[in-house]
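Here is how the chains run, residue by residue.
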Amino acid sequence: MQCLNKYKSVLFFLCVATTMKSSAQNLELKDLNVPNSPAFTILDFSPKVIDRPGTAKAFTASIVNLVTQEGGNGIPKNFALEVAPYWLFKNNLTVYRYLGIDPNTKKQNNIFSNSRNASVSVGSVYKDSTKKLPFSANYFAFGARVNCIRVVRGNITEPIVETVKGIAGRLTTINKAASDTCLKKVADPTKPEFKTCFEKEVTDRIKKDDDLAKLEKRLENLLAIKPAFQVDVALAGSMTFRDNSIGEHHHHRSGVWTTLEFNLPLTNTKDIEKMIENKNYLSIYGKVRYIDEDSTTNYQTFATHKLLDFGGRFEFEFDKFSVSFESIHRVNRTKKELNSNRNVGILQYKIRDDLYLSGTFGKNFGTVNNLVALLGLNWGFGKQSLIE
Amino acid sequence: MASRVYFLKKGQAVVSLEVTPTSIGIVSSVAKLKKTGGTIVDIGDSGNDATGKIPLVPVGKSSDLLSSVLVITNIIDLTAVPKNQWKQVFDTLRITYHLEGGADGPQDFNVDTDDKSQLMEGKFIIATKAIKFEINAMP
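Residues numbered from 1 in each chain as written. Chains lettered and ligands numbered in written order. Predicted model: local features only at pLDDT ≥ 70, side-chain atom pairs only at ≥ 80, totals over all residues. Heavy atoms only, no water.

Asks: It is not clear to me how the state of the cysteines should be interpreted in this structure. Could you clarify?
Replies: A covalent bond between the sulfur atoms of two cysteines is what we call a disulfide. Residues and elements named next belong to chain A. Inspection of every chain in the model, using the stated rule, returns 1 disulfide over all chains. Linked covalently through their sulfurs, Cys182 and Cys197 form a disulfide whose S-S length is 2.2 Å. Here the S-S torsion is close to -85°, and the disulfide linking Cys182 with Cys197 is therefore left-handed. Pair noted here: Cys182 is in helix α5 (residues 157-185) and Cys197 is in helix α6 (residues 192-208), with a separation of 15 residues, a long-range link. (Disulfide = S-S within 2.5 Å. Helix = DSSP H or I, 4+ residues; strand = E, 2+ residues; numbered from the N terminus.)

In structure tokens form, the structure reads like this:
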């Protein structure tokens, strides 16, 4: 176990080392992908633990905990908090409104339904002074991300509605049988014994219900079909607080990302059964990112860098294996002579949901030391692979 | 689970029930009546309506319902919901049990914390609600 942990640590640092930046020109920030948690990405770190409060009460408790962490003085250190504000409060959603599908017309009726999952992230990283940066500072960041638009393929909405109805029908059959059984077994249904009986009956019946299991699997597969088109937007900003003092603050880095994504299944899209089985896609991404950074080595003088990256990726995905080519043009709005390009090919193999083997080869930004040749494992960091 | 009481009018007034769950899961609702002799009567269910709604249905006449217990059971399937939201969906589950035709007129009961529980690592939620029918002894 110790050997495995050591091995994991080595791999972790191998992956992290490839993403650490030495200057704004060599800004990596995991190529152009809209980050899952923009606040952590703008700080260039993957927190080990992210507090994700799911209710308004839990969120309030998290905030109180943070505010009192430093005794009310200074910014909290080394924390990561992410929350989807919509879900903190009660809502009137049903399963169909949640999926953005009208059960009567069986068509998508809301291409913005996924925006409910918009998330806000806040975090900080405290760094002690080093030879390179001879001052201690707390880097505090906030960010937000939203999947603005999601257009599903037109011919999957009807099967989704039919499958959802099928599951509801099976649940009602199980519900009736379990309720009947327990009303006969338990003399007084107002007693807790009735609920206990119902829990057991439902559990036993669900486990034996193959039809329900098949319908659930079908629904999962239908929902896993990539959307025809979607747009993601994220933004983040960060401040530096020297010696964690609120008065000694300066802008650190801020950014905005957007990705447009088109997906084409590599199968007969008119045949829904083939669409469900299909794991192969051609995806085209258009990406834009703007980063504004004030870098310093002494906290006295700051150099401003404004970078605009735009480009695209062309990707073939064959089940667990994907091959893609990405081309990004970087406009350095501060020093135009530093404009450059990044052109890389990326191979990736998904070992499992949180573990990817990947290789990246090509030319990075800049004119010197710009050869990219990376091979590594991405192991469950921020639940994000190199390719999304 | 907490039981509730709905007071009946004297006579032949018809008591009706409507069940309205609010959840992003796939919901099933079933309502049954257990009479004093032990007879179980089907009142209504949501069928294949994934919202789990039981539209307003008659439960019975007041004179027939005294000391009976109306039992509503719900099962919610969270297959369509990301796993990291299951706990949240459980915490925010709302079910309104609307009764009318009784001594106090229309009355809403709601699912209580001890009425519901999670099954199979949170993928399913069940809720049970028992409502007794009584005559109000107070004038």
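There is more to say, and it comes next.
Asks: Before we go on, may I ask you to explain the sheet that holds strand β5 (residues 54-61) of chain B in this structure?
Replies: Two pairing modes exist for strands in a sheet, parallel and antiparallel, and in both the strands are linked by backbone hydrogen bonds. Residues and elements named next belong to chain B. Strand order in this open sheet of 4 strands is β5-β2-β7-β8, and the pairing throughout is antiparallel. Each edge of the open sheet carries a strand with a single partner, namely β5 and β8 (107-110). Each strand axis lies, on average, 25° off the axis of its neighbour in the sheet, ignoring direction. Examined bridge by bridge, strand β2 (residues 14-22) and β5 share 5 bridges and lie antiparallel to one another. The residue bridging Val15 from the neighbouring strand is Gly60, located in β5. (Pairing = 2+ DSSP bridges. Axes fitted to C-alpha atoms, helices over the stretch in contact; angles between N-to-C directions.)

Asks: Got a minute to help me understand the packing of aromatic side chains in this structure?
Replies: Aromatic ring pairs are described here by two measures, namely the spacing of the ring centres and the angle between the planes. Counted according to the given criterion, the structure contains 11 aromatic pairs over all chains. Arranged with centres 5.4 Å apart and planes meeting at 75°, the rings of Tyr299(A) and Phe302(A) form a pair that is edge-to-face. Here Phe302(A) falls in the partly exposed class, since its relative accessible area comes to 27%. Each residue in the set Tyr86(A), Trp87(A) and Tyr98(A) is aromatic and connected to the rest through ring pairs, giving one cluster. Across from the ring centre of Tyr281(A), 5.2 Å away, lies the NZ or CZ of Lys226(A), which sits over that ring. Directly above the aromatic system of Phe90(B) lies the positively charged group of Lys116(B), at a separation of 4.9 Å from the ring centroid. (Phe/Tyr/Trp six-rings, centres within 6.5 Å; stacked < 30°, edge-to-face > 60°. Buried < 20%, exposed > 50% of the residue type's maximum accessible area, 1.4 Å probe, protein only. Lys NZ or Arg CZ within 6 Å of the ring centre and 35° of its normal.)

Asks: Sorry if this is basic, but what is going on with the environment of Ser254(A) here?
Replies: The topology assignment puts Ser254(A) in strand β7 (residues 249-265). Those residues within four positions of Ser254(A) in sequence are excluded, and the remaining contacts are Ile42(A), Ala236(A), Gly237(A), Tyr290(A), Ile291(A) and Asp292(A). (Contact = heavy atoms within 4.5 Å.)

Asks: Can you help me understand the interface of chain B and chain A in this one?
Replies: Size of an interface, as often reported, equals the accessible area lost when the parts are brought together. Every contact between the two is made by 48 residues of chain B and, on the other side, 45 residues of chain A. Where chain B touches chain A, the interface holds 3 salt bridges. Lys32(B) is the partner of Asp180(A) in a salt bridge, and the nearest nitrogen-oxygen pair spans 3.4 Å. The interface formed by chain B and chain A includes 18 residue pairs in polar contact (both at pLDDT 80 or more). Listed by contribution, the elements that provide at least two residues to the side of chain B that touches chain A are β3 (26-34), β4 (40-45), β6 (69-77), α2 (86-91), β9 (116-119) and β10 (124-135) of chain B. Broken down by class, the residue content of the side of chain B that touches chain A amounts to 19 nonpolar, 17 polar and 12 charged. (Salt bridge = Lys/Arg side-chain N within 4 Å of Asp/Glu carboxyl O. Polar contact = N/O pair within 3.5 Å; in protein donor to acceptor, adjacent residues only side chain to side chain. Nonpolar A, V, L, I, M, F, W, Y, C, P; charged D, E, K, R; others polar.)

Asks: Looking at this structure, I do not really get the pairing of β6(B). What am I missing?
Replies: Strand residues, when the strand is regular, have side chains that alternate between the two faces of the sheet. Residues and elements named next belong to chain B. Where burial is concerned, most of β6 is hidden: 9 out of the 9 residues are buried. Pairing of β3 with β6, which is carried by 9 bridges, proceeds in the antiparallel orientation. Bridging from a neighbouring strand, Ser28 pairs with Ile75 of β6. Looking at chain direction, β6 and β10 are connected through 9 bridges and run antiparallel. Bridging across to β10, Ile76 finds its partner in Ile125.

None of the figures reported here should be taken as evidence of function without further support.
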